[in-house]
Amino acid sequence: MKIVETVEELQTIVKEAKRNESVVGFVPTMGFLHEGHISLVEHAQKESDIVVMSIFVNPLQFGPNEDFDRYPRNFERDSRLAKNAGVDILFYPNVKEMYPTEPAMKVIVHEGVDVLCGKSRPGHFDGVATVVLKLFNIVTPDRAYFGMKDAQQVAVIEKMIRDFNIQVTLVGCPTLREEDGLAKSSRNVNLTGEEREEATFIFKSLELARKRITEGERNAASIKDEMTTLLDKNSSGTIDYIDILSYPELKHREQLEGKVIVAIAQQYSKARLIDNIVLDIK
Ligand code: PAF
């Protein structure tokens, strides 16, 4: 595995690979890798000749009071995991390399950001879209692999690809979970032991919604009430949102039908966790 720290070197390597008609798969990450990221690499390997992973904690997508400084980082461990997973090129730029000057422009996302994380983290998806657009321009991948745990991010990036005619196929990969259902996340290390136990109720609440919908309940408000009661009763975290929306449009519907996302964000003392399930209601 080759570690590349500059945009120029990365572009030279990818250009050469493309001259040889290699298919480039791309896994963008912010590091502190877990099995969820490794499964993205596995998906990429199946469909690509070379797999590029980026590790960059993007300051643009963190609000002033968010966890940019606290975001877990361990490059030695990450590079070992990436190498073992079969990543060919690990792109590891620093902030100066990605933003050598104060950016003169950024991507502004207008649609699908008035709900879920977009609502509680104003500007977050502008920062995500901006860095992903830059990474797409630098890496020029054929396919890019994103986890469905960040389903709103997937919906936003799909729209950016469509609106800006970017020649890349986005592949949304399933969320990986711990045995007790907690979605794998780099932020889980910031939970206390007690919070780690309580956080299992995030997935239990999503499963409750799945059960109620399977039983025939179609009223979004009453399902959300039941989920809120279960999560509030069993955890000390503050619920940021519990919502059920059409997917990928991310619109509220009183009566549920078609493809919907059931999503939760919950704030613990040092970690904000998100999770979701996407259901197809026949
Ligand atoms: O999902 C993430 O880790 C980040 O939002 C991404 C896509 C790498 C952009 O910084």
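How each quantity is defined
- Residues numbered from 1 in each chain as written.
- Predicted model: local features only at pLDDT ≥ 70, side-chain atom pairs only at ≥ 80, totals over all residues.
- Heavy atoms only, no water.
- Helix = DSSP H or I, 4+ residues; strand = E, 2+ residues; numbered from the N terminus.
- Rg over C-alpha atoms; globule rule 2.2 N^0.38 Å.
- Buried < 20%, exposed > 50% of the residue type's maximum accessible area, 1.4 Å probe, protein only.
- Contact = heavy atoms within 4.5 Å.
- Areas by Shrake-Rupley, 256 points an atom, 1.4 Å probe, with all protein chains shown as cover.
- Lys, Arg positive; Asp, Glu negative; His and termini not counted.
- Charge placed at Lys NZ, Arg CZ, Asp CG, Glu CD.
- Axes fitted to C-alpha atoms, helices over the stretch in contact; angles between N-to-C directions.
- Parallel < 35°, antiparallel > 145°, perpendicular 65-115°, else oblique.
- Left-handed = near helix turned anticlockwise from the far one by under 90°.
- Pairing = 2+ DSSP bridges.
- Near = heavy atom within 4 Å.
- Polar contact = N/O pair within 3.5 Å; in protein donor to acceptor, adjacent residues only side chain to side chain.
- Nonpolar A, V, L, I, M, F, W, Y, C, P; charged D, E, K, R; others polar.
- Salt bridge = Lys/Arg side-chain N within 4 Å of Asp/Glu carboxyl O.
- Expected span 1.5 Å × (residues − 1).

Trainee: Teacher, can you tell me more about the overall build of the protein chain here?
Mentor: For the protein chain, the helix and strand inventory stands at 10 helices and nine strands. In terms of overall size, the protein chain behaves like a compact globule, its C-alpha atoms giving a radius of gyration of 19 Å where 282 residues would be expected to give roughly 19 Å. C-alpha atoms of the protein chain, sized along the principal axes, occupy 55 × 40 × 40 Å. Looking at the protein chain as a whole, 52% of its 282 residues are labelled buried. Of all intrachain contacts in the protein chain linking residues separated by at least 6 positions in sequence, the fraction that spans at least 24 positions is 72%. Carbon and sulfur atoms provide 48% of the accessible area of the protein chain, an area that totals close to 13,900 Å². Charge centroids of the protein chain, computed over 36 positive and 44 negative side chains, lie 1 Å from each other.

Trainee: It is not clear to me how the packing of helix α6 (residues 124–139) against helix α7 (residues 151–163) should be interpreted in this structure. Could you clarify?
Mentor: At their nearest, the axes of α6 and α7 sit 10 Å apart, and the two run at 55° to each other. In this view, α6 runs oblique relative to α7, as classed from their interaxial angle. Like other packed secondary-structure pairs, α6 and α7 cross with a definite hand, here right-handed. Within the contact between the two elements, α6 uses F125, V128, A129, V132, L133 and F136 and α7 uses Q152, Q153, V156, I157, M160 and I161.

Trainee: Quick question: what am I supposed to make of unusual backbone geometry here?
Mentor: For residues besides glycine, phi is generally negative; the peptide bonds are generally trans as well. In this structure, the amide linkage connecting Y247 to the following residue, P248, adopts the cis form with an omega of 10°. Here the phi dihedral of T140 falls at roughly 45°; this positive angle occurs in a residue that is not glycine. Mapping T140 onto the fold places it in the loop between α6 and β5 (143–147). Unusually for a residue other than glycine, N165 sits at a positive phi of about 50°. Mapping N165 onto the fold places it in the loop between α7 and β6 (169–173).

Trainee: Looking at this structure, how should I read the sheet that holds β5?
Mentor: The pairing of strands in a sheet comes from backbone hydrogen bonds and takes either a parallel or an antiparallel form. The strand order across the open sheet built from six strands is β1-β4-β3-β2-β5-β6, with neighbouring strands paired in parallel fashion. Two strands lie at the open edges of the sheet, namely β1 (2–4) and β6, each paired on one side alone. The average undirected angle you get between the axes of adjacent strands in this sheet is 25°. Judged from the six bridges that link them, strand β2 (residues 24–29) and strand β3 (residues 50–55) form a sheet pairing that is parallel. Bridge pairing in β3 places P28 opposite S54. Contacting β2, β3, β5 and β6, helix α2 (residues 35–47) runs over the sheet at an angle of about 155° to β5.

Trainee: Explain the side chain of N188 to me, please; I cannot follow it from the model alone.
Mentor: Positionally, N188 belongs in the loop between β6 and α8 (193–198). N188 gets classed as buried once you look at its relative accessible area, which sits at 13%. Excluding anything up to four places from it in sequence, N188 contacts L182, A183 and L273.

Trainee: How do you make sense of the site of the ligand when you look at a structure like this?
Mentor: Every residue lining the ligand is accounted for by P28, T29, M30, N58, Q61, V131, V132, F146, D150 and Q153. Q153 is positioned such that a nitrogen or oxygen atom in its side chain is 2.7 Å from an oxygen atom of the ligand. Within the complex, the protein chains bury 89% of what would otherwise be the 280 Å² of accessible surface of the ligand. For the shell around the ligand, the residue count by class is five nonpolar, four polar and one charged.

Trainee: Just to check I follow, could you spell out the pattern of salt bridges for this structure?
Mentor: Opposite charge on two side chains allows them to pair when their charged atoms are near. One pass over the structure, following the stated rule, counts 20 salt bridges. One salt bridge in this structure joins E16 and R19, with 2.8 Å as the shortest N-O distance. Here R19 and E16 lie together in helix α1 (residues 7–19), a separation of three residues that amounts to about one turn. The exposure class assigned to E16 is partly exposed, which follows from its relative accessible area of 38%. The residue E217 makes a salt bridge to R212 at a minimum N-O spacing of 3.5 Å. Given a relative accessible area of 22%, E217 falls into the partly exposed group.

Trainee: Quick question: what am I supposed to make of α2 here?
Mentor: For the α-helix, the turn length of 3.6 residues means that residues three or four positions removed from each other point alike. If you check α2, its first and last C-alpha atoms are 19 Å apart, about what 13 residues at 1.5 Å a residue would give, namely 18 Å. Within the sequence span of α2, burial applies to G36, H37, I38, S39, L40, V41 and A44. Where α2 is buried, its residues contact β2, β3, α3 (75–85), β5 and β6.

Trainee: In this structure, what is going on with α6? I would like to understand it.
Mentor: Counted at 1.5 Å a residue, the expected span for α6 with its 16 residues is 22 Å, and the 22 Å between its end C-alpha atoms agrees. Phi turns positive, to about 45°, at T140, one or two residues after α6.

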